[in-house]
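As a plain string of letters, each chain reads:
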Amino acid sequence: MADSASLSRAEVAAVIDHTLLAPEATLADVAALVDEARALGVYAICVSPSMLPVRAPGLVLATVAGFPSGKHHSLVKGAEARLAVDQGAAEVDMVIDVGAALAGEYNAVLADIVTVREAIADRAVLKVIIESAALPDDAIVEVCRVAERAGADFVKTSTGFHPAGGASAHAVRLMAETVGGRLGIKASGGIRTAEAAAELIAAGATRLGLSKSRAVLEGFPA
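Just so you know, these numbers come straight off a predicted model, no measurement behind them.

1. Focus on the packing of helix α3 (residues 74-86) against helix α5 (residues 106-120)
Move 1: The N-to-C vectors of α3 and α5 enclose an angle of 30°; their axes lie 8 Å apart at closest approach. Relative to α5, the element α3 is oriented roughly parallel. Our pair here, α3 against α5, has a crossing hand that is right-handed. Two secondary-structure elements touch here, α3 through S74, L75, K77, G78, A81, R82 and V85 and α5 through D112, T115, V116, A119 and I120.
Move 2: By residue class, the composition of the contact of α3 with α5 is six nonpolar, three polar and three charged.

Shown next as structure tokens:
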């Protein structure tokens, strides 16, 4: 386990996407998220596309597409991502078709990601959620390679909604080794302690998706 004392609170805050994707979230909840994000000094907030536009000066605004199942038509994912960018999103976290990846249909996964990439062009950062806990290691590697070929900027472990689980240090390490620093690595799903966050950063995560950002950050020295 990595030592959380080796990282400062500010260093960790600088890589956090402070996240609210609960289906019961309200506009008041989003406003509270923005206020908390500012207070914590995090990098970005991530909200559902239906909550856009959101006024959050000083924060990067991220959203999701094809979330959480990934079982949306690629054109629907692309349209959702493009509308979100039109409404101010600077980053889009899209979910792949996990079933296609499990079946080894990597050309279908490639086409899915390319559709979203083309829909938003270079107007926003594209993160690709691979649902790593649901995939064997060989599929994790292949999907990361496909995401790179498709022009993604990041690969991301999880939605946080899949019953198989969320981020693991093993998956992050494998993803980081595969993309070799050419793409960012976002770890998300089930990260609730400073120790877990530190371990994922040590494994290669360059961004963290957290809904419990305050509790995690309190475990790092100021």
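Further notes follow.
2. A look at helix α8 (residues 194-203)
Move 1: Of the positions making up α8, those classed as buried are A194, A197, A198, L200 and A203.
Move 2: On the buried face of α8, the contacting elements are α7 (169-179), β7 (184-188), β8 (207-210) and α9 (213-217).
Move 3: At the exit of α8 stands G204, carrying a positive phi of roughly 130°.

3. Some details on the UniProt feature "active site" (unreviewed entry) in the protein
Move 1: According to UniProt, the "active site" (unreviewed entry) feature falls on D93, K156 and K186. Considering the C-alpha atoms alone, the annotated residues occupy 94 residues of sequence yet fold into one spot, their largest mutual distance being 9.9 Å.
Move 2: Residue position: K156 is located in strand β6 (residues 154-156).
Move 3: Residue classification places K156 among the buried residues on the basis of a relative accessible area of 3%.
Move 4: Once residues lying within four places of it in the same chain are set aside, the contact partners of K156 are D93, V128, I129, I130, E131, M175, K186 and S188.

4. Here we look at the environment of E36
Move 1: As for its position among the elements, E36 is in helix α2 (residues 27-40).
Move 2: Since its relative accessible area comes to 26%, E36 is described here as partly exposed.
Move 3: C-alpha of E36 to C-alpha of R214: the two residues are 178 residues apart in sequence and 8.3 Å apart in space.
Move 4: The residues contacting E36, other than those within four sequence positions of it, are H18 and R214.

5. As for the sheet that holds β8
Move 1: Pairing in this closed barrel of eight strands is parallel, and the strands run β1-β2-β3-β4-β5-β6-β7-β8 around the ring. Recorded for the sheet is a direction-independent mean angle of 25° between the axes of neighbouring strands.
Move 2: Pairing of β6 with β7, which is carried by three bridges, proceeds in the parallel orientation. Paired with V155 across the two strands is I185, which belongs to β7.

6. Describing the pairing of strand β5 (residues 125-129)
Move 1: Along β5, four of the five residues are buried, which leaves the element largely enclosed by surrounding structure.
Move 2: In this sheet, β5 lies alongside strand β4 (residues 91-95) in parallel orientation, the contact comprising five bridges. Residue pairing for β5: D93 is matched across the bridge by K127.
Move 3: With three bridges connecting them, β5 and β6 associate as parallel partners. The residue of β6 that forms the bridge with K127 is F154.

7. Topic: unusual backbone geometry
Of all residues except glycine, most have a negative phi; of all peptide bonds, most are trans.
Move 1: In the segment running from L52 into P53, the intervening peptide bond is cis, with an omega of -5°.
Move 2: Tracing the backbone shows P53 in the loop between β2 (44-47) and β3 (60-65).
Move 3: In the segment running from F67 into P68, the intervening peptide bond is cis, with an omega of -5°.
Move 4: Looking at the secondary structure, you find P68 in the loop between β3 and α3.

Here is what the cut-offs are and how they apply
Residues numbered from 1 in each chain as written. Predicted model: local features only at pLDDT ≥ 70, side-chain atom pairs only at ≥ 80, totals over all residues. Heavy atoms only, no water. Axes fitted to C-alpha atoms, helices over the stretch in contact; angles between N-to-C directions. Helix = DSSP H or I, 4+ residues; strand = E, 2+ residues; numbered from the N terminus. Parallel < 35°, antiparallel > 145°, perpendicular 65-115°, else oblique. Left-handed = near helix turned anticlockwise from the far one by under 90°. Contact = heavy atoms within 4.5 Å. Nonpolar A, V, L, I, M, F, W, Y, C, P; charged D, E, K, R; others polar. Buried < 20%, exposed > 50% of the residue type's maximum accessible area, 1.4 Å probe, protein only. UniProt positions renumbered as here; feature names shortened; annotations may be inferred. Pairing = 2+ DSSP bridges.

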